[in-house]
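# Working through the structure, step by step
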Amino acid sequence: MENREQNKRIYLSSPTIHGEEQRFVKEAFDTNWVAPLGPNVDAFEREICEYTGAGYAAALDSGTAAIHLAVKLAGVKEGDIVFAPSLTFSATCNPIVYEKAVPVFIDCEPDTWNMSPQALERAFQKYPQAKAVIAVYLYGTPARIDELMEICAKHQVPYIEDAAESLGSRYKGKQTGTLGKFGIYSFNGNKIITTSGGGMLVSSDGEAIERARFFATQARDKARHYQHSQIGYNYRMSNVTAGIGRGQLLHLDEHIALKRAIYDRYKEAFADIEEITMNPLNPDGEANCWLSCMTIREGSSVTPDMVMDRLAEHNMESRPIWKPMHLQPVFEKNDFFTHDGGKDSVSGRVFESGLCLPSDIKNTQEDMDQIISLVRGVFGK
Ligand SMILES: *Cc1c(COP(=O)(O)O)cnc(C)c1O
């Protein structure tokens with residue numbers, strides 16, 4: 001096993017570049033259109049809309065910037081409450097604080113690892129004045145979106161979809177990110193497609209996307225001179241970056257097929273080990289399977305650290321499940337609603353018992369064999 005091509009590193013999820021990206025980037029160089037906006041940006045926005053069925057899109061320099069503008073355009077103001085998932089990456093929640101609003105965290109439910117509708121309902125009972133809900137589709141698995149959106153409609157607040165990890169995933173046939181008031185995608189280096197770094201804000205509200213473009217380019221009023229009536233940001237994607245994205249988008253379906261094959265492979269390979277459960281997939285959706293994760297049954301003598309250590313010894317990258325926001329020092333004082341209303345949280349349990357397995361689409365069948373045999377070995381199989 002040590003001889004794997006000089007012990008090459010096996011990644012969790014690294015960029016997979018195909019060559020077509022260079023065609024679009026070269027075009028940008030050849031026309032000296034390297035910055036700022038330009039034809040690649042317009043085309044990338046159009047192509048994301050065509051792929052996802054979104055009405056309008058604004059290409060931005062990160063997914064985090066897209067979430068920030070979604071929060072702002074949803075009308076969230078200083079002191080407002082915004083409901084956000086606990087089990088996620090901090091980038092889902094930080095933009096709420098950029099606007100001086102207060103995130104209140106909602107536990108996940110066990111069937112999708114995403115926002116628990118029953119916990120959300122309870123949160124609205126305590127905070128009927130809440131201004132918005134941001135949901136996430138963790139590791140590519142869609143949430144119980146209909147139930148969450150019904151609750152939002154009842155309380156008349158916008159539903160924002162953090163689809164950073166779920167580009168290409170569907171829920172009841174529709175693309176995640178296109179169902180709520182706003183959707184956001186990320187093209188960070190480890191996501192299912194990448195622009196090296198970047199993001200997209202999508203919405204069926206064309207005027208809102210126009211506003212997003214305005215705020216993303218320093219909130220410059222329509223005037224010949226530099227005139228500003230509001231505070232803006234420098235959030236736009238560059239024409240070079242967008243070129244990478246256009247080339248990547250041509251391979252999104254292929255990436256999804258490979259990611260799903262990785263998930264299926266793990267699921268089958270661990271089927272006989274009762275202590276292992278793979279991350280859930282929503283039966284109402286088709287996940288892009290961005291990362292394959294497993295949890296270890298309570299009472300097992302194996303811990304996630306033991307599995308991660310074994311893989312690391314063989315130069316294989318794995319990582320813990322996102323540490324829930326309600327357990328983060330920075331959000332210590334923020335309120336939190338558990339799934340069943342009791343003391344224990346589902347997100348805490350998933351965090352403690354789980355890990356993300358190497359899910360890089362460049363891993364070969366032999367790489368997969370080796371990862372699987374190492375993990376099985378930790379369980380004495
Ligand atoms: C990656 C990610 C983001 C942030 O995207 P960036 O493009 O890195 O800013 C937001 N939310 C989730 C759930 C993510 O995984």
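Quick summary incoming for the structure in this document. (Residues numbered from 1 in each chain as written. Predicted model: local features only at pLDDT ≥ 70, side-chain atom pairs only at ≥ 80, totals over all residues. Heavy atoms only, no water.)

### As for the overall build of the protein chain
Quick note on the threshold: Per the convention used, a helix needs a DSSP run of H or I reaching at least four residues, while a strand needs a run of E reaching at least two, with both numbered from the N terminus. Our radius of gyration is a C-alpha quantity, and the globule rule it is checked against amounts to 2.2 Å times the number of residues to the power 0.38. Each residue's exposure class comes from its accessible area (1.4 Å probe, protein chains only) as a fraction of the maximum for that residue type: buried when under 20%, exposed when over 50%, partly exposed otherwise.
Helix and strand counts for the protein chain stand at 12 helices and 15 strands. Rg of the C-alpha trace for the protein chain: 21 Å, near the compact-globule value of 21 Å for 381 residues, within the 12% margin. In terms of overall dimensions, the protein chain has a C-alpha envelope of 70 × 55 × 35 Å along the principal axes. When the 381 residues of the protein chain are sorted by exposure, 57% land in the buried category.

### Overview of the site of the ligand
To be explicit about the condition: One heavy atom within 4 Å of a molecule or strand is enough for the residue carrying it to be called near that molecule or strand. Counting of polar contacts relies on pairs of N or O atoms within 3.5 Å, with two restrictions inside protein: one atom must be capable of donating a hydrogen and the other of accepting it, and residues adjacent in sequence are counted only when both atoms are side-chain atoms.
Residues in contact with the ligand amount to 16 residues; listed here are only the nearest, Thr64, Asp162, Glu165, Ser186 and Lys191. One of the side-chain N or O atoms of threonine 64 is found 2.5 Å from an oxygen atom in the ligand. Residue glutamate 165 places a side-chain N or O atom 2.5 Å away from an oxygen atom belonging to the ligand. No other element matches the 3 residues that helix H3 (residues 63-73) contributes to the shell around the ligand.

### Concerning the sheet that holds strand E12 (residues 293-296)
Where strands meet in a sheet, backbone hydrogen bonds hold them as pairs that are either parallel or antiparallel. So the rule is basically this: Two strands qualify as a pair provided that DSSP identifies no fewer than 2 bridges between them. Pairs of residues are marked as contacts when any of their non-hydrogen atoms sit within 4.5 Å. Orientation is described by lines fitted to C-alpha atoms, with helices fitted over the stretch in contact, and by angles between N-to-C directions that extend from 0 to 180 degrees.
Here 4 strands make up an open sheet; going across it, the order is E10-E12-E15-E13 and the pairing antiparallel. If you trace the sheet from one side to the other, it starts and ends with strand E10 (276-278) and strand E13 (319-320), each paired once. Bridge count between E12 and strand E15 (residues 354-356): 3 bridges; the pairing is antiparallel. Its bridge partner being in E15, methionine 294 is matched across the sheet by leucine 355. Here helix H10 (residues 304-313) sits on the sheet in contact with E12, E13 and E15, set at roughly 25° to E15.

### A closer look at unusual backbone geometry
Of note in the backbone geometry, lysine 172 takes a positive phi value of approximately 45° without being a glycine. Position of lysine 172 among the secondary structure elements: in the loop between strand E6 (170-171) and strand E7 (174-175). A relative accessible area of 48% places lysine 172 in the partly exposed class. Unlike most non-glycine residues, serine 196 shows phi in positive territory, near 85°. Given a relative accessible area of 57%, serine 196 falls into the exposed group.

### Re empty space enclosed by the protein
In plain terms, the rule: Lining residues are those with an atom within 4 Å of a point, where the points come from a 1 Å grid over the protein atoms alone and group into cavities, where a 1.4 Å probe fits but cannot get out, or pockets, open sets with protein on both sides within 12 Å along at least five of seven lines. Grid points are joined across faces, edges and corners, and a volume is the space filled by probe spheres set on the points. Side-chain classes are defined by residue name, with Ala, Val, Leu, Ile, Met, Phe, Trp, Tyr, Cys and Pro counting as nonpolar, Asp, Glu, Lys and Arg as charged, and the others, Gly among them, as polar. Either an automatic procedure or a domain database provided the assignment from which the domain bounds are taken.
On inspection of all chains with the given rule, the structure shows 1 cavity of 30 Å³ or more. Approximately 70 Å³ is the volume found for the largest cavity. Lining the largest cavity are 15 residues, with Ser14, Thr16, Lys191, Ile192 and His255 positioned closest to its centre. Of the residues assigned to the lining of the largest cavity, the class counts are 4 nonpolar, 8 polar and 3 charged. Lining the lining of the largest cavity are residues from two domains, each supplying at least three of them: domain 1 (20-249) and domain 2 (252-378).

### Here's the deal with helix H7 (residues 206-216)
Among the residues making up H7, those that are buried are Ala208, Ile209, Ala212, Phe214, Phe215 and Ala216. Buried residues belonging to H7 abut strand E1 (56-60), H3, strand E8 (182-186) and strand E9 (199-203). Two to three positions downstream of the cap, the backbone nitrogen of glutamate 207 sits 3.1 Å from a side-chain oxygen, assigning the N-cap of H7 to aspartate 205.

### Here we look at the pattern of salt bridges
For clarity, the threshold we go by: Whenever a carboxyl oxygen of Asp or Glu lies within 4 Å of a side-chain nitrogen of Lys or Arg, that contact is scored as a salt bridge.
Per the stated rule, a full pass over the model turns up 20 salt bridges. Taking the shortest distance from any N to any O, the salt bridge between lysine 181 and aspartate 205 comes out at 2.7 Å. Taken together, the residues span a long stretch of sequence, with lysine 181 in the loop between E7 and E8 and aspartate 205 in the loop between E9 and H7 at a distance of 24 residues. Take lysine 181: its relative accessible area is 32%, and that puts it in the partly exposed class. Note on aspartate 205: relative accessible area 24%, which makes it partly exposed. Here lysine 362 and aspartate 360 are joined by a salt bridge, their closest N and O atoms 2.8 Å apart. Look at the salt bridges and you will find they share partners, linking Glu45, Glu210, Arg213 and Arg236 into a network.

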